[in-house]
Amino acid sequence: MRDAIKLSLAQARELAMAAMHGRGFGEAEAAATVEALLGAERDGLPSHGLSRLPFYLDQAASGKVDASAVPQVETDGAVVRVDARHGLAFPAVERGLEAGYQCVAQAGVAAVSIAHSHHFGVAGAPVEAAARRGYLALAFSNAPSAMAPWGGKLPLFGTNPVAFACPRRDGDPLLIDLSLSKVARGKVMLAKIKGEPIPEGWALDTGGRVTTDPDAAIAGSMVPAGDAKGAALALMVELLTAGLTGSNFGFQASSFFDAEGEPPGIAQLMLLIDPQRFSQSFVDHAESLFAAMLDQPGVRIPGERRFQLRREQDDTVTLSTDLVAALEQHAAFAGQS
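No experiment lies behind these values; they were computed from the predicted model shown.

(A) Spotlight on the pairing of strand β11 (residues 266-273). Among the 8 residues of β11, 6 are classified as buried, and the element is accordingly described as predominantly covered. Pairing between strand β4 (residues 109-117) and β11: 7 bridges, direction antiparallel. Note on β11: the bridge partner recorded for Ala110 is Leu272. Judged from the 6 bridges that link them, strand β5 (residues 136-141) and β11 form a sheet pairing that is antiparallel. Note that in β11 the partner of Ala139 across the bridge is Met270.

Below is the structure:
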């Protein structure tokens, strides 16, 4: 990376926390956000890491994100309803999961919905956390419009990440984490920031033509994974998230990448399942499937690459000098009215 600086995780955490305090975020809300972004950096996912933070902070400065918002949580049987109140998603996810764990321990299943939310970050992170507690977990989020319905040209659906995690007998869980576009839109934004082209097949321009220009891609439409099937799944996620919570559908939501307009107000849904309530032999039975997969050369369990990258990381993070400067500028607002 050109014009970059290497920081220890402790230094990066301190800088990011100072930037969030500079824009008025409380301690708990800032900590939930910074830890999620550092987790993305450690997993080799910089498109969802600290590069996102200046966007969040610019939006807090403009009022598009409410830095003072504290998520509200209501529990109704096995249903947990969280209102993010147009703050960032990470504190709402954290508090929703806390309540969800209590529900799943009692009922065997739990559904956690998050309304009036923001960028979900790495969708695999909350389901991985649940799987490490022994639960099966699914997560869905909608997002500002970036994909057209199949056969159309006008984006209506978000790239709408889907994640799933399954506990294993030993070691790391199975982890599936994917965008319903061929790639996450954050990768296009990262290419734009770096001034680099994107590969063919990622996106279409406003005329529905294949493009390698990240600006044309952002103005146009992401290509759905699996073509018509991916577009259908994106529609499903819109209904499971924004539909259930009365939040904004993708075509109603403002951008995650600028400080203009109203809050995005999108939504998430997380499902937790205690497999032991269905079958005491679940883990052993699942391991027989994984063993059959691994009998074939070249096959690996989903998530293995991410966990391997995590283990190989040292306790540093490499950030562009522009990003460091932006965070320092936001931190300088601390104590100002």
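(B) Molecular detail of helix α6 (residues 185-194). Within α6 the residues assigned to the buried category are Arg185, Gly186, Val188, Met189, Leu190 and Ala191. Phi turns positive, to about 70°, at Gly195, one or two residues after α6.

(C) Broad picture of the side chain of Ser181. Among the structural elements, Ser181 can be located in the loop between β7 (174-178) and α6. Looking at Ser181, its side chain comes within polar contact range of the side chain of Ser179, at 2.7 Å. Polar side-chain contacts of Ser181 include one of 2.4 Å to the backbone oxygen of Val183. Setting aside residues up to four positions removed in sequence, Ser181 forms contacts with Met147, Thr159, Met222, Val223, Pro224 and Ala225.

(D) A look at the environment of Tyr135. Looking at the secondary structure, you find Tyr135 in the loop between α5 (124-131) and β5. Between the C-alpha atoms of Tyr135 and Ala146, which are 11 residues apart in sequence, the distance is 32 Å. Those residues in contact with Tyr135 that lie beyond four places of it in its chain are Tyr101, Val104, Ala105, Ala130, Ala165, Pro167, Ile273, Asp274 and Pro275.

(E) Broad picture of unusual backbone geometry. For His116, which is not glycine, the phi torsion reads 50° and is therefore positive. For His116, the position within the fold is in strand β4. A positive phi angle, near 55°, is found at Asp227, a position not held by glycine. Mapped onto the elements, Asp227 comes out in the loop between β10 (221-222) and α8 (228-245).

(F) Up close: the packing of aromatic side chains. Inspection of every chain in the model, using the stated rule, returns 4 aromatic pairs. For the pair Phe249 and Phe251, a centre-to-centre distance of 6.5 Å together with 10° between the ring planes defines the contact as stacked. Between the NZ or CZ atom of Arg23 and the centre of the ring of Phe333, over which it lies, the distance is 3.7 Å.

(G) Geometry of the environment of His116. What makes His116 partly exposed here is its relative accessible area of 26%. A sequence separation of 203 residues divides His116 from Leu319, and the C-alpha atoms of the two residues are 30 Å apart. Non-local contacts of His116, meaning those with residues more than four positions away in its chain, are made with Asp83, Ala84, Arg85, His86, Gly87, Gly246, Ser247, Gly265 and Ile266. Among the polar contacts listed, one links the side chain of His116 to the side chain of Asp83, at a separation of 3.1 Å.

Definitions and cut-offs
Residues numbered from 1 in each chain as written. Predicted model: local features only at pLDDT ≥ 70, side-chain atom pairs only at ≥ 80, totals over all residues. Heavy atoms only, no water. Buried < 20%, exposed > 50% of the residue type's maximum accessible area, 1.4 Å probe, protein only. Helix = DSSP H or I, 4+ residues; strand = E, 2+ residues; numbered from the N terminus. Pairing = 2+ DSSP bridges. Polar contact = N/O pair within 3.5 Å; in protein donor to acceptor, adjacent residues only side chain to side chain. Contact = heavy atoms within 4.5 Å. Phe/Tyr/Trp six-rings, centres within 6.5 Å; stacked < 30°, edge-to-face > 60°. Lys NZ or Arg CZ within 6 Å of the ring centre and 35° of its normal.

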